[in-house]
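Below, each chain spelled out in residue letters.
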Protein chains: 2
Amino acid sequence: MTEQPVVDFWYEFSSPYSFLAAERIGPLAEARGVRLVWRPFLLGAVFKHNGLERSPNLAVPAKTRYMWRDVERRCERMGLPFRVPDAFPLNGLSASRVAVALPDEARPAFTRAVYRAAFCEGRDIAEPAVVEEALREAGVDFEPALAAAHTELVKHALRRQTDAAVAKGVFGAPTLVTPDGELFWGNDRLEEALDWALGTR
Amino acid sequence: MTEQPVVDFWYEFSSPYSFLAAERIGPLAEARGVRLVWRPFLLGAVFKHNGLERSPNLAVPAKTRYMWRDVERRCERMGLPFRVPDAFPLNGLSASRVAVALPDEARPAFTRAVYRAAFCEGRDIAEPAVVEEALREAGVDFEPALAAAHTELVKHALRRQTDAAVAKGVFGAPTLVTPDGELFWGNDRLEEALDWALGTR
């Protein structure tokens with residue numbers, strides 16, 4: 001192949017494993033020469049579409065406890081501070097709209113800043129101040145971004161993106177989708193997905 | 001530490017990721033000098049205890065499709081044939097009772113033989129002939145093993161083992177539990193769990 005393979009990175013702002021993936025995926029893709037498209041979507045809407053009342057991770061207390069402990073262990077290995085957000089599950093609607101409104105090149109830095117506020121500092125990303133700070137950290141002029149996020153165009157684009165996730169077979173986050181339509185679910189499948197996209201299975 | 005660390009390997013016969021773990025875990029533990037205790041349990045009973053009607057992997061068709069594709073990819077990488085069993089989810093009650101009835105040293109080979117019948121050949125492990133063949137492959141005298149499996153003692157031991165899994169916080173399979181009580185869920189966490197048991201986090 002001479003063309004650079006493109007992999008879609010589907011993520012949800014309330015998903016701690018999407019947070020971990022957002023921290024890891026940039027350098028992994030760059031090292032392999034894979035181009036990423038960062039695609040925020042509303043996983044809660046996907047759960048509803050699939051007849052689930054909530055995340056399977058929150059349906060069973062033992063599983064929820066395990067999830068936080070597992071995420072904490074991953075953060076320790078990565079040298080990241082970790083805090084369970086008080087407001088969990090998080091309402092990532094505003095952050096998702098802003099992320100959709102941003103140009104592609106600004107989205108990764110904004111996304112990582114939102115995730116760190118949530119899972120390193122335990123803050124509520126539904127607060128406008130948290131989203132504004134994340135925009136500032138990403139070096140984005142925040143007033144136009146917030147204005148765009150409130151337009152019908154952007155609200156509709158986020159709904160369309162969520163529908164597209166369902167159409168691809170996405171049922172959880174993070175999910176990577178390769179050019180041939182293969183799905184790789186979870187922070188544990190990033191390397192495999194990127195290798196698959198390169199055809200080096 | 002001078003003592004050999006002991007890790008509990010909790011598995012369910014209907015779980016394809018437990019099958020993958022059973023294929024991989026022996027050599028991984030041996031290479032690290034970790035002793036394994038193979039602990040079959042009834043995950044369906046744990047689901048019921050947790051208020052779930054069925055495995056979360058079977059509650060959403062997109063997730064079920066993904067699971068089989070993911071297991072197929074793992075089998076390809078491991079050079080194993082793969083078939084989705086017609087009778088899925090499998091009824092592993094008989095196989096679990098036999099596994100509990102066996103001496104510790106015979107359990108791994110029997111377990112792997114049952115899993116291969118299920119996920120490499122697609123056979124129904126509820127069939128007595130499948131369990132008998134697995135006993136033969138494991139080099140176990142099958143009549144006494146089957147007789148023991150039908151005793152109240154063994155039925156009760158399997159129920160107790162399932163209760164013990166719940167008490168440890170086990171909610172899915174496979175799960176490894178280290179001597180300090182840490183849980184590691186999934187075929188993707190085998191290496192990490194064994195390293196943790198060695199204190200080499």
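A brief look at the structure comes next. Here the structure is a predicted model, which is why all the values come from computation and not from measurement.

**Section: the packing of aromatic side chains**
- According to the stated counting rule, one finds 38 aromatic pairs over all chains in the structure shown.
- For the cation-ring pair, A:Arg73 lies above B:Trp196, with the distance from its terminal atom to the ring centre recorded as 6.0 Å.
- Just above the ring of A:Phe184 sits the side chain of B:Arg73; from NZ or CZ to the centre is 3.8 Å.

**Description of the environment of A:Val130**
Residues and elements named next belong to chain A.
- Residue position: Val130 is located in helix α6 (residues 128-137).
- Look at Val130 and you get buried, because its relative accessible area is 4%.
- For the pair formed by Val130 and Ala113, sequence separation is 17 residues and the distance between their alpha carbons is 9.2 Å.
- In this structure, Val130 is in contact with Ala117, Arg123, Asp124 and Ile125, ignoring residues within four places of it in sequence.

**A short note on the sheet that holds strand β1 (residues 6-11) of chain B**
All names here are of chain B.
- The strand order across the open sheet formed by four strands is β2-β1-β3-β4, and the pairing between neighbours is mixed. Looking at which strands have only one partner, the edges of the open sheet turn out to be β2 (35-40) and β4 (183-185). With direction set aside, neighbouring strand axes in the sheet form an average angle of 20 degrees.
- With six bridges connecting them, β1 and β2 associate as parallel partners. Among the inter-strand pairings, Tyr11 is bridged to a residue of β2, identified as Pro40.
- Lying over the sheet, helix α5 (residues 107-119) contacts β1 and β2, oriented at roughly 50 degrees with respect to β2.

**Focus: the relation of the copies chain B and chain A**
- Superposition of chain B onto chain A requires a rotation of 180 degrees combined with a translation of 0.0 Å along the rotation axis, giving an RMSD of 0.0 Å. What the rotation and shift describe, once combined, is the action of a two-fold rotation axis.

**Here's the deal with helix α7 (residues 142-149) of chain A**
Residues and elements named next belong to chain A.
- For α7, the complete set of buried residues consists of Ala145, Leu146 and Ala149. One side of α7 carries all its buried residues, which in axial view fall inside an arc of 95 degrees.
- Those residues of α7 that are buried lie in contact with α4 (93-101), α6 and α8 (152-168).

**Some words on the interface of chain B and chain A**
- Between chain B and chain A, the contact holds 24 residues from the first and 23 residues from the second.
- At the junction of chain B and chain A, the tally comes to 14 salt bridges.
- The interface formed by chain B and chain A contains 14 residue pairs in polar contact (both at pLDDT 80 or more).
- For the side of chain B that touches chain A, the elements supplying multiple residues, two or more each, are α3 (61-78), β4 and α9 (190-197) of chain B.
- Considering every element that reaches the side of chain B that touches chain A, the biggest residue donor is α3(B), with eight residues.
- Taken together, the residues of the side of chain B that touches chain A break down into eleven nonpolar, two polar and eleven charged.

**Quick look at the packing of helix α1 (residues 16-32) of chain B against α5(B)**
Residues and elements named next belong to chain B.
- Across the interface, α1 lies against α5 with an axial gap of 10 Å and an inter-helix angle of 130 degrees. Between α1 and α5, the angle is such that the two are oblique. Pair α1 / α5 crosses with left-handed handedness. Mapping the contact onto sequence places Pro16, Ser18, Phe19, Ala22 and Glu23 in α1 and Arg112, Tyr115, Arg116 and Phe119 in α5.
- Class assignment of the residues belonging to the contact of α1 with α5 gives a composition of five nonpolar, one polar and three charged.

**Observations concerning the pattern of salt bridges**
- Taken as a whole and judged by the stated rule, the model has 38 salt bridges over all chains.
- The partner of A:Arg123 in a salt bridge is A:Glu121, and the shortest N-O contact between them spans 3.7 Å.
- Since its relative accessible area comes to 40%, A:Glu121 is described here as partly exposed.
- The salt bridge partner of B:Glu191 is B:Arg24, with a shortest N-O separation of 2.7 Å. Of this pair, B:Glu191 sits in helix α9 while B:Arg24 sits in helix α1; the two residues are 167 residues apart in sequence, bridging distant segments of the chain.

Procedures and definitions
Residues numbered from 1 in each chain as written. Chains lettered and ligands numbered in written order. Predicted model: local features only at pLDDT ≥ 70, side-chain atom pairs only at ≥ 80, totals over all residues. Heavy atoms only, no water. Phe/Tyr/Trp six-rings, centres within 6.5 Å; stacked < 30°, edge-to-face > 60°. Lys NZ or Arg CZ within 6 Å of the ring centre and 35° of its normal. Helix = DSSP H or I, 4+ residues; strand = E, 2+ residues; numbered from the N terminus. Buried < 20%, exposed > 50% of the residue type's maximum accessible area, 1.4 Å probe, protein only. Contact = heavy atoms within 4.5 Å. Pairing = 2+ DSSP bridges. Axes fitted to C-alpha atoms, helices over the stretch in contact; angles between N-to-C directions. Least-squares fit on C-alpha atoms with pLDDT ≥ 70 in both. Arc of directions from axis to C-beta. Salt bridge = Lys/Arg side-chain N within 4 Å of Asp/Glu carboxyl O. Polar contact = N/O pair within 3.5 Å; in protein donor to acceptor, adjacent residues only side chain to side chain. Nonpolar A, V, L, I, M, F, W, Y, C, P; charged D, E, K, R; others polar. Parallel < 35°, antiparallel > 145°, perpendicular 65-115°, else oblique. Left-handed = near helix turned anticlockwise from the far one by under 90°.

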